[in-house]
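Commentary on secondary and tertiary structure
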Amino acid sequence: MKKSNEVRLDPQTNDLDILSGPPAYNWNDITYFLELARYAKLVDVAKRLKVDHTTVSRRIRELEKALDCKLFKRTKSGFMLTNDGWQILEHAEAMEKNARTVSHKKGFEQTQGGGAVRVATMEGIGSFYISPKVETFKERYPEIILELVTSSRWINLSRQEADIFISFSKPDEKRLKVKKAGNFRISLFASQAYLNKRGMPSSKSDLNRHDFVDYIDDLIQIHAVRYLHDIIKPRRVVFRSTSQIAQYSSITKGLGIAALPTFVAAQNPDLVPVLPELSTSRDIWLSVHQDLDHVPRIGMVIRFFMSEIEKDTSLLLSTS
């Protein structure tokens, strides 16, 4: 039976059909729906929204009642969208996008391009390449605040973990705008102190008697950082770390040889390329969710880093 102000999904068009009057559901419940669709667990959503998990459950039940359909099914891994839920998701994300558009209009921020932009990337490029660019960026765009997130795992832009993702592999997530910005070279490096003590290798076979620094293989979540194994499978690894900064620091003290991006090794003139003909490379991809692609400040950040990466081609591809 249809009720006054009822909202349901039209079975023929898959559009939200307002049967009469204004929407019967609470607009705020759409936020709870979107968060549960993205994170699947009540506890995780409750933490993000700073409410009790029972509040999340209650708001979802109220939305389902208002829309007269089941939005989620409960599984061992969390709350999964039903067929109706997937259809509602498209409209809910459109509502979210339009809400963002309203907040980005002039008058809601200090300037049309002002505000914060969160950029996520891996630790090495974030610390050694992105961070040194912030001063130049700030001089050019003083009203934009850059927030840098470094992570050893893949960032999900659909879950709003960041606004922009700078990665070494092309994301295949749906509804992303992805641009290739350039690429960089990875070579073997060691400190002069280490080479004075152990000698400079003259061939690939000579590397068998040298010490290496590497990632912890079973903790690698982004396989694009497995630089060393693209170049050589070392016989003797004396130190492993999930942190590229830790690897870099250890070889500057003479611990051994490591595979480093050339822009990382360039931070220390005491680091010497070892058999530079042995190298590998990675692409640099900039991604943004299509719902944010129109936001002026995000476009400014993307254009800035695209330009900087192109300008720094010689540094990124250097053999020494």
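Now for a look at the structure at hand. No experiment lies behind these values; they were computed from the predicted model shown.

Conventions adopted
Residues numbered from 1 in each chain as written. Predicted model: local features only at pLDDT ≥ 70, side-chain atom pairs only at ≥ 80, totals over all residues. Heavy atoms only, no water. Helix = DSSP H or I, 4+ residues; strand = E, 2+ residues; numbered from the N terminus. Buried < 20%, exposed > 50% of the residue type's maximum accessible area, 1.4 Å probe, protein only. Contact = heavy atoms within 4.5 Å. Phe/Tyr/Trp six-rings, centres within 6.5 Å; stacked < 30°, edge-to-face > 60°. Core = buried A, V, L, I, M, F, W, Y, C linked by side-chain atoms within 4.5 Å. Salt bridge = Lys/Arg side-chain N within 4 Å of Asp/Glu carboxyl O.

To continue, consider the environment of Ala-181. Mapped onto the elements of the fold, Ala-181 is located in strand E8 (residues 176-191). Overall, the relative accessible area of 13% leaves Ala-181 in the buried class. With 104 residues separating them along the chain, Ala-181 and Trp-285 place their C-alpha atoms 5.7 Å apart. Sequence-distant contacts of Ala-181, that is, excluding residues within four places in its chain, are made with Ile-284, Leu-286, Met-306 and Ile-309.

A separate point is the packing of aromatic side chains. Within the structure shown, the criterion is met by ten aromatic pairs. Measuring from ring centre to ring centre gives 5.6 Å for Phe-33 and Phe-72, while their planes differ by 55°; the resulting arrangement is tilted. Here the residue Phe-33 occupies a position in helix H1 (residues 29-39), and Phe-72 occupies one in strand E3 (residues 72-75), the gap between them amounting to 39 residues. The pair Phe-33 / Phe-72 is uniform in exposure class, with both members buried. Ring plane angle 70° and centroid distance 6.4 Å describe the contact between Tyr-215 and Tyr-227, whose orientation is recorded as edge-to-face. One end of the pair, Tyr-215, is in the loop between strand E9 (212-214) and helix H8 (227-231); the other, Tyr-227, is in helix H8, and twelve residues separate them in sequence.

In this structure, Leu-188, Leu-207 and Ile-284 are the most contacted members of the largest nonpolar core, which totals 59 residues. Among the elements that make up this core, the one with the highest residue count is strand E12 (residues 271-289) (eight residues). Setting aside chain neighbours within four positions, we find Ile-284 in contact with Ile-125, Ile-166, Ser-167, Lys-179, Lys-180, Ala-181, Gly-182, Asn-183, Phe-184, Ile-309 and Leu-316. One finds Tyr-25, Val-45, Phe-72 and Ile-88 within the second-largest nonpolar core, a separate group that totals 23 residues.

Evaluated as defined, the whole model comprises 14 salt bridges. Where Arg-118 meets Glu-147, a salt bridge forms, and the shortest distance between an N and an O atom there is 2.9 Å. Of this pair, Arg-118 sits in strand E5 (residues 115-121) while Glu-147 is found in strand E6 (residues 144-150), placing the two residues 29 residues apart along the sequence. According to the relative accessible area criterion, Glu-147 is partly exposed, its value standing at 30%. One network of salt bridges, in which partners are shared, links Lys-133, Glu-308, Lys-311 and Asp-312.

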